[in-house]
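Fold and contact review
Given next are the chains, with one letter for each unit.
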Amino acid sequence: MLRGRGPGPLRGRSSGPLRGRPRREGTWRHLSPLLRLLIATQLAFNIGFFAVLPFLAEHLGAAIGMAGWLVGLVLGLRTFSQQGLFVLGGALTDRYGVRPVVLTGCVLRIAGFAWLGYAQQTWAVIGAVLLIGFAAALFSPAVESEVARQSVLWEEAGHGSRTRVLGLLSVAGQAGAFLGPLLGALLLAVDFRTACLAGAGVFVLVLAGHLWLLPQHIPGRERVRAPGAVREMLRNRRFLAVCGAYGAYLLAYNQLYLALPAEVARAAGSQSPLAWLFALSSLLVVVAQLPVTRWAADRLDLRRSMAAGLLLIAAGFAVVAAARPAAWTGTGGLLPAAAFVVLLTLGQMLVTPAARAWVPDLAPSGRLGLYTGAMSSVSGLLVLAGSAATGSLLDTGLPAPVPWLVLAAVPLAAIALLPRRSRTEP
């Protein structure tokens, strides 16, 4: 049932452990052509994106000669133009539908990558990265909200928990994040412009595929105006509580790029092992996401799944805190960092599909795009505010375990934010 009264029009059965006898065959076999297209889109998006962006900072500093603070500003502007504007992309999806928003986002991403490949002056670089970020703010909420909506239909057809579909979306995204830098590294053997043009080429293929395959109108998808929708959303305490918990998860996950590099440098004398730890995280998601999601769907409702994931993330920080007084170095000194990555990634596998699956139960009819985009924007703002605090925490000269214990407390506190029921009462 996709329509009903109250604030939760997309009510599925994944708010509790799955009842009945769902089919156990492979998830992909039972997906609709639309879901397969959208999940493949996520893979292609990330391949094109990560073929370029991981190498942007070095290009700006070494090839263009930007100062370090200016490189940081450019990267921050790209993040803001993407994450901060997800809510706008979601609202536009509700108003105009998935197809025009996705196609516009692809066109802007093609233009942004091509511009970036030729940009040599600061204003041109900033314009290109803003265009690249805004493109993602358009197509990502459109794709994610429609996958969430379709996953409810998939669940109601008796194929299993909606989190299995959303877990597959995570696998596709992580596989793209793993393959993209490999493609980019090969293309950089030519030059950065070639990598940018290849990234643009990926999105040309995505654009052509969606022009051909994406329906003009998706059955059951309402197009609505949104007067007062943002005010209504800001009064939805259950939704904001889920956003807060998801933001705490993202803040913890951001420590892969803040606290972990410092710990790896301390233990190994350089940050060289970081690449292997990042690869470990990506491969874990690709290999284990679907089994973990199936296990959780059969045993846990959405709240318990998010809580279990947050507990695993807290345990990862606690492992490093417990090992820090010993001050191990070398290969043995990297074991706590590796355990942190594994536990953080396992927590991510539980938290991300559950959070995405929860949004349809909290969004009013016709507002799923807005709420999907808002969850990314609100949690992104929380990460922006919290990152400065956590960065300062690592530089305060406190006893070695203390910063990691404080970081462990963040996901633990987030558990208390989670609404007590993982579905909206009719």
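About the cut-offs
- Residues numbered from 1 in each chain as written.
- Predicted model: local features only at pLDDT ≥ 70, side-chain atom pairs only at ≥ 80, totals over all residues.
- Heavy atoms only, no water.
- Helix = DSSP H or I, 4+ residues; strand = E, 2+ residues; numbered from the N terminus.
- Buried < 20%, exposed > 50% of the residue type's maximum accessible area, 1.4 Å probe, protein only.
- Contact = heavy atoms within 4.5 Å.
- Areas by Shrake-Rupley, 256 points an atom, 1.4 Å probe, with all protein chains shown as cover.
- pLDDT = per-residue confidence, 0-100.
- Axes fitted to C-alpha atoms, helices over the stretch in contact; angles between N-to-C directions.
- Parallel < 35°, antiparallel > 145°, perpendicular 65-115°, else oblique.
- Left-handed = near helix turned anticlockwise from the far one by under 90°.
- Nonpolar A, V, L, I, M, F, W, Y, C, P; charged D, E, K, R; others polar.
- Phe/Tyr/Trp six-rings, centres within 6.5 Å; stacked < 30°, edge-to-face > 60°.
- Salt bridge = Lys/Arg side-chain N within 4 Å of Asp/Glu carboxyl O.
- Expected span 1.5 Å × (residues − 1).
- Bend = angle between axes of the 7 residues up to and from the residue.
- Core = buried A, V, L, I, M, F, W, Y, C linked by side-chain atoms within 4.5 Å.

Some words on the overall build of the chain
Per the secondary structure count, the chain includes 16 helices and 0 strands. In the chain, which comprises 426 residues, the proportion classed as buried is 56%. Residue pairs at least 24 apart in sequence account for 85% of intrachain contacts in the chain once pairs closer than 6 positions are excluded. On the chain, roughly 17700 Å² of surface is accessible, and the fraction owed to carbon and sulfur atoms is 66%.

Considering the confidence of the model for the chain
Predicted confidence across the chain gives a mean pLDDT of 83, with 89% of residues reaching 70 or more. The weakest mean pLDDT in the chain belongs to helix α3 (residues 68-83) at 74; the strongest belongs to helix α13 (residues 302-323) at 95. Taken together, the stretch residues 1-25 has pLDDT below 50 and engages in 86 contacts with residues farther than four places along the chain or on a different chain. Every residue in residues 422-426 is under pLDDT 50, and counting partners more than four places away or in other chains gives 21 contacts.

Some thoughts on the packing of helix α12 (residues 274-299) against helix α14 (residues 330-362)
Between α12 and α14, whose axes approach to 9 Å, the crossing angle comes to 40 degrees. Our classification of the angle between α12 and α14 gives oblique. Both α12 and α14 take part in a crossing whose hand is right-handed. Where α12 abuts α14, its residues Leu277, Leu280, Ser281, Leu284, Val285, Ala288, Gln289, Val292, Thr293 and Ala296 lie against Ala337, Ala338, Val341, Val342, Thr345, Gln348, Met349, Leu350 and Pro353. Here the residues of the contact of α12 with α14 sort into 14 nonpolar, 5 polar and no charged.

Looking at the packing of aromatic side chains
Enumeration according to the criterion identifies 12 aromatic pairs in this entry. Between the aromatic rings of Phe317 and Trp404, the centroid separation amounts to 5.9 Å while the plane-to-plane angle is 45 degrees, which identifies the pairing as tilted. Residue Phe317 is located in helix α13, and its partner Trp404 is located in helix α16 (residues 401-417); the two are separated by 87 residues in the primary sequence. Across the pair, exposure class does not vary: Phe317 and Trp404 are buried alike. Of the aromatic side chains, those joined through ring pairs into one cluster are Phe45, Phe113, Phe139 and Phe203.

Observations concerning the pattern of salt bridges
Applying the stated rule across the entire model yields 7 salt bridges. Among the salt bridges present, the one from Arg356 reaches Glu144, with a minimum N-O distance of 3.9 Å. Here Arg356 is found in helix α14, whereas its partner Glu144 is found in helix α6 (residues 122-156), with 212 residues between them in sequence. Two residues, Arg162 and Asp361, come together in a salt bridge whose shortest N-O distance is 3.5 Å. Here Arg162 is found in helix α7 (residues 162-187), whereas its partner Asp361 is found in helix α14, with 199 residues between them in sequence. You'll find Arg162 and Asp361 in the same group, each marked buried.

Topic: α14
With 33 residues, α14 extends 48 Å from end C-alpha to end C-alpha; this agrees with the ideal 48 Å at 1.5 Å per step. The largest bend along α14 measures about 25 degrees and falls at Pro336. Across the 33 residues of α14, 25 count as buried, placing the element largely inside the fold.

Quick look at unusual backbone geometry
Positive phi, normally seen in glycine, also occurs at Ala327, with a value near 55 degrees. Considering the arrangement of structural elements, one finds Ala327 in the loop between α13 and α14. Overall, Ala327 belongs to the partly exposed group, its relative accessible area being 43%.

Quick look at the environment of Leu312
Here Leu312 shows up in helix α13. Among the residues examined, Leu312 registers a relative accessible area of 26% and is labelled partly exposed. Through-space distance from the C-alpha of Leu312 to that of Gly347 is 5.2 Å; in sequence the pair is 35 residues apart. Sequence-distant contacts of Leu312, defined by excluding residues within four places in its chain, comprise Leu343, Leu346, Gly347 and Leu350.

As for the nonpolar core
Counting residues in hydrophobic clusters, the biggest one holds 110 residues, and the most contacted among them are Leu116, Val125, Leu260 and Phe340. With 14 residues, α6 is the largest single contributor of residues to this core. Those residues in contact with Phe340, other than ones at most four positions away along the chain, are Gln255, Leu256, Leu260, Gly316, Phe317, Val320 and Trp404.

Quick look at the environment of Ser387
Take Ser387: it is sitting in helix α15 (residues 368-394). Note on Ser387: relative accessible area 19%, which makes it buried. Considering only alpha carbons, one finds Ser387 and Leu258, 129 residues apart in sequence, at a separation of 8.6 Å. Among all residues touching Ser387, those that are not within four sequence positions of it are Leu251, Asn254 and Leu258.

Observations concerning the packing of helix α11 (residues 259-268) against α12
At a minimum axis distance of 10 Å, the contact between α11 and α12 shows a crossing angle of 130 degrees. With respect to α12, the axis of α11 lies oblique. Note that α11 runs across α12; the crossing there is right-handed. Contacts between α11 and α12 pair Leu260, Pro261 and Val264 from the former with Leu274, Leu277 and Phe278 from the latter. Within the contact of α11 with α12, the residues separate by chemical class into 6 nonpolar, no polar and no charged.

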